[in-house]
Amino acid sequence: MTETNPRKLRGHKATATCCIASRDRPGLVATSGEDGCICWFDMRCKDVQLVMDVGKEPISSLCFNSGNEDILYASSEKEVQCFDVHMAASWKPLQSYSYNKEEINQIACNSKSSFLAAADDGGDVKIIDIHQHHLYKTLRAGAGHTSICSSVQFLPWRPWEVITGGLDSKLIMWDFSKGRPYRIVDFGLPDMNSGSNTGQSCNPAFVHMLAVPEVDMLDKVDKICVVARGDGVVDVINIESELAAMRSKSSTKPRKGSQSRSKDSSTTADIETSDQNGRKRLHLDYSLGGHTAAVSCVAFSLFGERGKFIISGGNDKSVKVWDWSKYHDARQSNGNNDLHLNINLSKKVNWLCTTPTESENLVVCDTTKVVKVYSVL
């Protein structure tokens, strides 16, 4: 269930681009916009609490420092700025990182608060050491993505690995200590083992956003990645099953030096969805009541039983709340009960996040300057 009329958060003068919610302070939400501002909202209060005017260029992404939510990172154009929330009124950044050569699409901080990743339009991902304040490694386009890198996330259970997605329809797992990929999943390949038409054929399976569970969710939701795809599909991928399949496949082939891993990674279609229990890949698509256009964003629920729901937003002007716990508990239905909730909007979705509160727990940035807040019960 959800409230029909959302609460409306006003503070931006142009389209809201991103939103993040505090884990340590439930109800505190930060949003960014094309107006170059960061707005702070407290769900207990009526009006915006603080507006940080940090620049003239649009802010594309926000993230908290994982170990200290008083520290906030914001990306704008080719730059990442670091702010202390307690000094927010001054709008002066503590640090500024300008390592990316193209516009940044998403930033992420690892669970140990030691590295920051910035994915850009050139296909590169810059790994920044935020303790020493220098560039640690570049995950270069060509070795990985051949187009825009749209999303990046650290894998909390693998401390030296990140996962990225791009508009080349690829999901890539990287060992960032070595700066090279070790697994590539190409969603542009035919899905040979899927029994249904999982995607919209008129739209390519670009990867628009990724979501991975937080450390304290792993016992309940497993080591997975959720993928927002341009063909309207939300994919749930078991990372460890993918790697086990890769190792099994490579062990049956003669190895050809250092190239063996990358060659294995290109043959993904014949191992996709091969788990008889459906545990490796879960496709949440339009046949299950899902999106009819590109999925722009995905997130795990922080409210109630953390990670029980996957929330997706799309260009079809809708937000879907998926109860994927049935699948994880091996009680998978035919899909009729997977879609817990559908929320119809008037505009396309740019970003969404959830809060660890019983109400006002779903925050949505659409293509307007007004941020909407729903209560998912």
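Coordinates for the structure precede this section.
In short, a report on the structure. Because the structure is a prediction, the values reported are computed rather than measured. (Residues numbered from 1 in each chain as written. Predicted model: local features only at pLDDT ≥ 70, side-chain atom pairs only at ≥ 80, totals over all residues. Heavy atoms only, no water.)

Brief notes about the overall build of the chain
A tally of regular secondary structure across the chain gives four helices and 28 strands. In the chain, which comprises 377 residues, the proportion classed as buried is 57%. As presented, the chain carries roughly 15,800 Å² of accessible surface, and 47% of it is formed by carbon and sulfur atoms. (Helix = DSSP H or I, 4+ residues; strand = E, 2+ residues; numbered from the N terminus. Buried < 20%, exposed > 50% of the residue type's maximum accessible area, 1.4 Å probe, protein only. Areas by Shrake-Rupley, 256 points an atom, 1.4 Å probe, with all protein chains shown as cover.)

Some points on a negative patch on the surface
On the surface, Glu57, Glu77, Glu102 and Glu103 cluster together into a patch of negative charge. Within the secondary structure layout, Glu77 lies in the loop between β7 (68-76) and β8 (79-84). Residue classification places Glu77 among the partly exposed residues on the basis of a relative accessible area of 35%. (Patch = residues over 30% accessible without salt bridge, like charges linked within 9 Å, V, L, I, M, F, W, Y side chains within 5 Å. Salt bridge = Lys/Arg side-chain N within 4 Å of Asp/Glu carboxyl O. Lys, Arg positive; Asp, Glu negative; His and termini not counted. Charge placed at Lys NZ, Arg CZ, Asp CG, Glu CD.)

As for the sheet that holds strand β23 (residues 309-314)
Across a sheet, paired strands are connected by hydrogen bonds in the backbone, their directions being either parallel or antiparallel. Pairing in this open sheet of four strands is antiparallel, and the strands run β22-β23-β24-β25 from one edge to the other. Two strands lie at the open edges of the sheet, namely β22 (295-300) and β25 (339-344), each paired on one side alone. Sheet twist, expressed as the mean angle between neighbouring strand axes with direction ignored, is 15°. As paired elements, strand β24 (residues 318-323) and β25 share five bridges and run antiparallel to each other. Its bridge partner being in β25, Val321 is matched across the sheet by Leu341. (Pairing = 2+ DSSP bridges. Axes fitted to C-alpha atoms, helices over the stretch in contact; angles between N-to-C directions.)

Focus: the sheet that holds strand β5 (residues 50-53)
One open sheet holds the four strands; their spatial order is β2-β3-β4-β5, and the pairing between them is antiparallel. At either margin of the open sheet sits one strand with a lone partner, and together these are β2 (16-21) and β5. In this sheet, neighbouring strand axes are inclined to one another by 20° on average, regardless of whether the strands run parallel or antiparallel. Note: β2 against strand β3 (residues 28-33), five bridges, orientation antiparallel. What sits directly across from Cys19, in β3, is Thr31.

So, the environment of Glu358
As for its position among the elements, Glu358 is in the loop between β26 (349-354) and β27 (362-366). Accessibility expressed as a relative area gives 75% for Glu358, which makes it exposed. Sequence-wise, Glu358 and Leu377 are 19 residues apart; in three dimensions their C-alpha atoms are separated by 7.3 Å. Once residues lying within four places of it in the same chain are set aside, the contact partners of Glu358 are Val376 and Leu377. (Contact = heavy atoms within 4.5 Å.)

Structural notes on the packing of aromatic side chains
Counted according to the given criterion, the structure contains 10 aromatic pairs. For the ring pair Trp40 and Phe64, a centre distance of 6.2 Å and an interplane angle of 50° mean the geometry is tilted. On the criterion of sequence distance, the pair formed by Trp40 in strand β4 (residues 37-42) and Phe64 in strand β6 (residues 59-65) is long-range, its members being 24 residues apart. Residues Trp40 and Phe64 agree in their burial class; the two are buried. Seen in terms of ring centroids, Tyr136 and Phe176 are 6.1 Å apart; in terms of plane orientation they differ by 80°. Their pairing is edge-to-face. Linking Tyr136 in strand β13 (residues 134-139) with Phe176 in the loop between β16 (170-175) and β17 (180-186), this pair joins segments that are 40 residues apart in sequence. Under the relative-accessibility criterion, Phe176 is labelled buried at 0%. An aromatic cluster is present here, built from Phe115, Tyr136, Phe154, Trp160 and Phe176 joined pairwise through their rings. Its end group placed over the ring of Tyr136, Lys137 keeps NZ or CZ at 5.6 Å from the ring centre. (Phe/Tyr/Trp six-rings, centres within 6.5 Å; stacked < 30°, edge-to-face > 60°. Lys NZ or Arg CZ within 6 Å of the ring centre and 35° of its normal.)

Things to note about the nonpolar core
In this structure, Ile38, Leu62, Val226, Val319 and Trp324 are the most contacted members of the largest nonpolar core, which totals 64 residues. With residues near it in sequence (within four places) discarded, Leu62 still touches Cys18, Ile20, Ala30, Thr31, Ser32, Ile38, Leu72, Tyr73, Ala74 and Ile107. Counting 19 residues, the second largest nonpolar core, distinct from the first, contains Leu155, Trp157, Phe187 and Leu243. (Core = buried A, V, L, I, M, F, W, Y, C linked by side-chain atoms within 4.5 Å.)

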